[in-house]
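Residues per chain are reported as follows:
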Amino acid sequence: MEPKKIGLALSGGGFRATLFHLGVVRFLYDAGLLSHVHRITSVSGGSVLAAHLGLNWDRYTGKPEEFDSAAKEVIKFTMADVRGRILRRWILAWITLLPRTFWRKHWRLTQMLKRSYDRLFQGESAKPAILKALPSSPEINILCTSMTTGSLCTFDRLGFCFSDASGDHRIECPTLHVSYAVAASSAFPPLFPPVLIDNRVLMCDQAEFQNPQYLTDGGVFDNLGLNKLLSLQAEEDGVDILIVSDAEGNFDWALNRPYKSMFSRNVRASDMLMTRVSKLQYEMLGTNSHSVQRVHIGIPISQDEDASAPDPGTQRSLRNIRTDLDAFSPKEVAALIHYGHRVACRVLSEGGITEKTPAYDWPAIGRIASSVQQWEDKDKRQSQARKARLWSNSDWVSWASAAIVLVLALAGSVPVVMEHFRLKSARQQIHKQVQQIVELKPTAAVECAGDVTNSRECHTNYPAGCSPTGIHDGFLNTLKNQRPARDSKPVRSFTGLADFQDLESHTPKTLVSDNHSTHKEDLAKLGEAQEYGVIGYLYYANRQGAESTNCMLTGPDDTDFHIGIGFDKNVAAAATPNGAPTATMKATSIIVEMTPHYRAEFAPGWTLDALKAVLGKQVRVVGQLMADNEHNVPRDDCGLPDHGSTCSRASIWELHPVTSFQWCNAADCNKDPSGWVELGSTPK
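The structure presented is a predicted model; accordingly, all values stated were derived computationally and were not measured.

(A) Highlighting the side chain of E547. For E547, the location among the structural elements is in the loop between β12 (531–543) and β13 (561–566). Of the side chains bearing the opposite charge, K480 lies closest to the buried E547, which forms no salt bridge; the N-O distance is 4.7 Å. A distance of 3.3 Å separates the side chain of E547 from the side chain of Q544, its partner in a polar contact. Excluding residues within four positions of it along the chain, E547 makes contact with M552 and D560.

Rendered as structure tokens:
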């Protein structure tokens, strides 16, 4: 004998549950039982169908073509890639930043989920349906979990029901969107953040709803929806039989999955929790379990007993199919609906709920997937895996995101490409310069003939300089007299003595005061004749005396500026314009030289007074790296292991000639590069 009233619980399980439940509902329709359903409780994916059932109850209980028309809306929704579309738009919002900045609320995951449901749950004039549009019979209860209190909460046609320490409460808000309730019920925690509900959402005084709550997937508390159905039955005794459409899958071992990703761990933990809670609920029914008809997705249906049942392989695959809001294929849709129909037929006929056992014959579904048998084994295996679906050829958002990423990549690569070509050009220039140095033939040292009166004449007549005795390293002087470009970019910048100590350790041991040309190739490999930089502190600056490189001239415009650069700010603080450099300053300084002909041609503002005005300051110097082999002796080079106590430089490696000299007009130009000032110019 058919029951007068049925209570129906629709479990969670994403769109797998939605489609399986649709098969169960179709059986109830075919068996003439659907109109006897007077109460529905639902969770997560079950809430998607429950809300649509309630809003379209007359269609679902009407003529077959009306049922088909309503069901197709749900089927189309499960095939629409809801979760993928949401994720792709969320990613686009993050890439562009502008939407996240000015329309932050609009681009939240749960807000996008709600808007997706708005397209399915439509009321009059195609506007989002409100709770009041749900029918009084069947009574629809959409369940969610409060992460704030840990209790079960319910949305029905009158509003929002919740519990706290003082008892059960109801806030009437019949104009709240149905999509809001279903979004809260299906906000699967690993992916969707909880949905905020407060007095503003409920449009009530704060005294009525004092503390905001955050709502998440109803399956966290009760993935079957059974607890609420039983409590309502105990309170009102309004139904004669309880049916649970249970789409919880088979919780199988996962021996080969390490669960390294945070998402997979959270999903697995959630599955374990929901499975355990559901098992305990069935155990708690005890002797009353016969009053609850469990239409479970794991129940096998023999084709010998039911010729219209899916094949055994399909049945086993369906209980392991993914449980989220992913896009379901036509074959998956058809298989789940078919299986739900046949499981309901077996359970409800064996439970004495109905004597009718209609075969599965739904032409509308047959047009979606012509045959379940076409669902190949490889398709069944793939259906178990969750797919990210971060790309879809049919979604304009994917193409927009790709275009934006491409534009950003190109925009970001322009400086890189420009820097690449700059460095390439610099390397070519350096290579050319080094090659010229390497190819220089050893220049014989010559005696001065007394035909020079200034540095210009000196370097025109004697590119390698001259001396009274003709005893000097002509090749070394040729290096010192180079004229690198004024805007030369350094290969790198040295910032400590360790950089020069490394050069010292690789300097040829046989380099002495008059054989530079013999080692020119080895020294070139270490960087000689290339532009390098030094960032340190100006310890001292003085004018050199007569040198062979400058034809032994002694005029103020014909001699080098001999400059010591160190790396200790405290030592630099002791530098004074008129004081001699201390022994520590000399022993720990790197020498840089400003040559007279380079100053005259490129930097007339480089004066000794300008240098002494910035003593002790942080400086940044660029120049030609060179090993001054004339000082490669212990009495001069403090970088040698056996150096003497009166050594006067930290290394034979120096910058000579200097091509750029800047001083810092800030506390620390490493932190504030805008503070660098060209020597001889006025600070801004």
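(B) Highlighting unusual backbone geometry. The step from S137 to P138 runs through a cis peptide bond, and the omega angle for that step is 5°. Residue placement: P138 occurs in the loop between α7 (109–120) and β3 (139–146). The phi dihedral of D81 is positive, around 60°, even though this residue is not glycine. Within the secondary structure, D81 sits in the loop between α4 (64–78) and α5 (82–96). If you check the backbone angles, A529 has positive phi at about 75° while not being a glycine.

(C) Representation of the pattern of salt bridges. In the structure shown here, the tally under the stated rule is 23 salt bridges. Across the salt bridge formed by D306 and R342, the nearest N and O atoms sit 2.7 Å from each other. You can see D306 sitting in the loop between β10 (292–296) and α13 (312–318) and its partner R342 sitting in helix α14 (residues 330–350), a full 36 residues away along the chain. Take D306: its relative accessible area is 12%, and that puts it in the buried class. Look at R342 and you get buried, because its relative accessible area is 3%. We note a salt bridge from E601 to R483, for which the minimum N-O separation is 2.9 Å. Of this pair, E601 sits in helix α24 (residues 596–602) while R483 is found in the loop between α19 (474–480) and β11 (493–494), placing the two residues 118 residues apart along the sequence.

(D) View of the state of the cysteines. Applying the stated criterion to the full structure yields 4 disulfides. Shown here is the disulfide that connects C638 with C647, its sulfur atoms set 1.8 Å apart. Taking the sign of the S-S torsion, about 105° here, the bridge from C638 to C647 comes out right-handed. Overall, C638 belongs to the buried group, its relative accessible area being 13%. Paired through a disulfide, C664 and C669 show a sulfur-sulfur distance of 2.1 Å. Taking the sign of the S-S torsion, about 95° here, the bridge from C664 to C669 comes out right-handed. Disulfide partners in the chain, listed by the sequence order of the bonded cysteines, are 1-3, 2-4, 5-6, 7-8. Residue C153 stays outside any disulfide, its sulfur separated by 5.0 Å from that of C144, the closest cysteine.

(E) Representation of the packing of α4 against α7. Their axes nearest at 10 Å, the elements α4 and α7 cross at an angle of 150°. In terms of orientation, α4 lies roughly antiparallel with respect to α7. Relative to α7, α4 is oriented so that their crossing is right-handed. On α7, the residues touching E73, V74 and F77 of α4 are S116, Y117 and L120. Considering only residue class, the contact of α4 with α7 consists of 4 nonpolar, 1 polar and 1 charged.

(F) Summary view of the packing of α5 against α7. Interaxial distance between α5 and α7 falls to 10 Å at its minimum, and their mutual angle equals 135°. Relative to α7, the element α5 lies oblique. Where α5 crosses over α7, the two elements pack in a sense that is right-handed. From α5, V82, R85, I86, L87, R89 and W90 reach across to α7, where they touch L109, M112, L113, S116 and R119. Residues belonging to the contact of α5 with α7 are distributed by class as follows: 7 nonpolar, 1 polar and 3 charged.

(G) Molecular detail of a nonpolar patch on the surface. Together, M147, L196 and Y214 make up an exposed nonpolar region whose accessible area comes to about 280 Å². Topologically, L196 is positioned in strand β7 (residues 195–197).

(H) Just the packing of aromatic side chains, in detail. If you walk through the whole model with that rule in mind, you get 16 aromatic pairs. With a centroid separation of 5.8 Å and an interplanar angle of 35°, the aromatic rings of F77 and Y117 are classed as tilted. Of this pair, F77 sits in helix α4 while Y117 sits in helix α7, placing them 40 residues apart in sequence. The burial state of F77 is the same as that of Y117; both residues are buried. When the centroid spacing of 5.0 Å and the interplanar angle of 90° are considered together, the rings of F162 and F209 count as edge-to-face. With F162 in strand β5 (residues 159–164) and F209 in the loop between α9 (199–202) and β8 (213–217), this pair connects stretches of sequence that are 47 residues apart. You'll find F162 and F209 in the same group, each marked buried. Within the aromatic cluster, the residues linked to one another by ring pairs are F155, F160, F162, Y180 and F209. The ring of F328 carries R322 above its face, with NZ or CZ at 4.3 Å from the centroid. The residue whose ring lies beneath R599 is F561, and the NZ or CZ to ring-centre distance is 3.7 Å.

Reading the values: the criteria
- For every chain, the first residue of the written sequence is number 1, and numbering continues from 1 onward in sequence order.
- Totals for whole chains, interfaces and linings use every residue, but because this is a predicted model, local features are given only for residues with pLDDT of at least 70 and side-chain atom pairs only at 80 or more, for both listing and counting.
- To get the side-chain values, take all heavy atoms of the structure and skip hydrogens and water.
- The way it works is that DSSP assigns letters per residue, a run of H or I at least four long becomes a helix, a run of E at least two long becomes a strand, and they are numbered from the N terminus.
- Accessibility here uses a 1.4 Å probe with only protein chains present; expressed as a share of the type maximum, an area under 20% marks a residue as buried, one over 50% as exposed, and anything in between as partly exposed.
- Only four residue types enter the tally: Lys and Arg on the positive side, Asp and Glu on the negative side, with His and both chain ends excluded.
- Whenever Lys or Arg places a side-chain nitrogen within 4 Å of a carboxyl oxygen from Asp or Glu, that contact is recorded as a salt bridge.
- Residues adjacent in sequence count toward polar contacts only when both atoms are side-chain atoms; beyond that, a polar contact is any pair of N or O atoms within 3.5 Å, and within protein one must be able to donate a hydrogen and the other to accept it.
- Contacts were defined at the residue level, with two residues in contact if any of their heavy atoms lie within 4.5 Å.
- By disulfide we mean two sulfur atoms from cysteines, separated by a distance within 2.5 Å.
- Lines are fitted to the C-alpha atoms to define the axes, a helix being fitted only along its stretch in contact, and any angle between axes, read from their N-to-C directions, falls within 0 to 180 degrees.
- Oblique is the label for any angle not under 35 degrees, not over 145, and not in the 65 to 115 range, which are roughly parallel, roughly antiparallel and roughly perpendicular in turn.
- Crossing handedness: left-handed means the near helix sits turned counterclockwise from the far one by under a right angle, and right-handed means the same turn made clockwise.
- Three categories are distinguished: nonpolar for Ala, Val, Leu, Ile, Met, Phe, Trp, Tyr, Cys and Pro, charged for Asp, Glu, Lys and Arg, and polar for the others, with Gly belonging to the last.
- Residues enter patches when their relative accessible area tops 30% and they take part in no salt bridge; the joining distance is 9 Å for like charges and 5 Å for the nonpolar side chains Val, Leu, Ile, Met, Phe, Trp and Tyr.
- Here, Shrake-Rupley sampling with a 1.4 Å probe gives the accessible areas, and only protein chains in the shown set may cover a residue.
- Only centres within 6.5 Å qualify two rings of Phe, Tyr or Trp (six-membered ring in Trp) as a pair; their planes then separate them into stacked at under 30 degrees, edge-to-face at over 60, and tilted for everything else.
- Lysine NZ or arginine CZ positioned within 6 Å of the ring centre and within 35 degrees of the ring normal marks a charge as sitting over the ring.

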